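Survey of secondary and tertiary structure
Residue-level listing of the chains:
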Amino acid sequence: MFLNLNHYKLDVYKSARELRFECYKILNSLPTEEKFNLTDQIRRASTSVVLNITEGCSRKSEIERKRYFEISRGSVIELDSCFDIIIESEYLNLVDLAKAGNKLKTTFILLSGMLK
């Protein structure tokens, strides 16, 4: 933000931020009993996606950079499992998660491309 670094211009970074935003919107629909479990996990995983992309982009070593992108992609996969639990628990349905699901897929594809 203040540093005006190049990662802000990357599609993967923009997609990850949009995914995080969609995840936070979903949190408002989850029951209060999930506050310290699923809600917290989604909050941390969606933030992890963005922050690991950011940190990876700051690394000079390709090996280090890819490691951060792998961690970020792992958090995307974690979110996918969280969405599965939300549907299984009948907190929301597939239609309710469609926008977040699309952002999840896009972010996963873009991160996978960065790892090639």
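Residues numbered from 1 in each chain as written. Predicted model: local features only at pLDDT ≥ 70, side-chain atom pairs only at ≥ 80, totals over all residues. Heavy atoms only, no water.

Before going further, it helps to examine the overall build of the chain. In terms of regular secondary structure, the chain is built from 4 helices and 0 strands. Seen in sequence order, the chain has helices and strands lined up from the N terminus as α-α-α-α. By its C-alpha atoms, the chain is 45 × 30 × 20 Å across when sized along the principal axes. A buried classification covers 35% of the 116 residues belonging to the chain. Of the roughly 7400 Å² that the chain leaves accessible, carbon and sulfur atoms contribute 54%. Taking the average place of the 18 positive charges on the side chains of the chain and the average place of its 16 negative ones, the gap between the two points comes to 10 Å. (Helix = DSSP H or I, 4+ residues; strand = E, 2+ residues; numbered from the N terminus. Buried < 20%, exposed > 50% of the residue type's maximum accessible area, 1.4 Å probe, protein only. Areas by Shrake-Rupley, 256 points an atom, 1.4 Å probe, with all protein chains shown as cover. Lys, Arg positive; Asp, Glu negative; His and termini not counted. Charge placed at Lys NZ, Arg CZ, Asp CG, Glu CD.)

Let us now look at the nonpolar core. Judged by nonpolar contacts, the single largest core of 26 residues is most densely connected at I26, I42, I53, L79, F83 and I86. Elements supplying a minimum of two residues to this core: α1 (11-27), α2 (38-57), α3 (62-88) and α4 (98-114). Take this core: its biggest share by element is 7 residues, from α1. (Core = buried A, V, L, I, M, F, W, Y, C linked by side-chain atoms within 4.5 Å.)

Let's shift gears to the layout of surface pockets. The volume enclosed by the largest pocket comes to roughly 190 Å³. Every residue along the wall of the largest pocket is listed here: D80, F83, D84, I87, L94, L97, A98, G101, N102, L104 and K105. Where the lining of the largest pocket is concerned, the elements lending two or more residues are α3 and α4. The element that contributes the greatest number of residues to the lining of the largest pocket is α4, accounting for 5 residues. Here the residues of the lining of the largest pocket are counted per class, giving 6 nonpolar, 2 polar and 3 charged. (1 Å grid on protein atoms, 1.4 Å probe; cavity = no way out; pocket = protein on both sides within 12 Å on 5 of 7 lines; lining within 4 Å. Points joined across faces, edges and corners; volume = space filled by probe spheres on them. Nonpolar A, V, L, I, M, F, W, Y, C, P; charged D, E, K, R; others polar.)

With that settled, consider the packing of aromatic side chains. Inspection of the entire model under this criterion finds 1 aromatic pair. Relative to Y13, the ring of Y8 lies with its centre 5.4 Å away and its plane at 80°, an arrangement referred to as edge-to-face. Take Y8: its relative accessible area is 25%, and that puts it in the partly exposed class. What makes Y13 buried here is its relative accessible area of 7%. Just above the ring of Y24 sits the side chain of R20; from NZ or CZ to the centre is 4.3 Å. (Phe/Tyr/Trp six-rings, centres within 6.5 Å; stacked < 30°, edge-to-face > 60°. Lys NZ or Arg CZ within 6 Å of the ring centre and 35° of its normal.)

What follows is about α2. With 20 residues, α2 extends 29 Å from end C-alpha to end C-alpha; this agrees with the ideal 28 Å at 1.5 Å per step. Every buried residue belonging to α2 is among L38, T39, I42, A45, S46, S48, V49, V50, N52, I53 and G56, and all of these are buried. Buried positions along α2 lie against α1, α3 and α4. (Expected span 1.5 Å × (residues − 1). Contact = heavy atoms within 4.5 Å.)

Any functional reading would require information beyond the geometric quantities listed.
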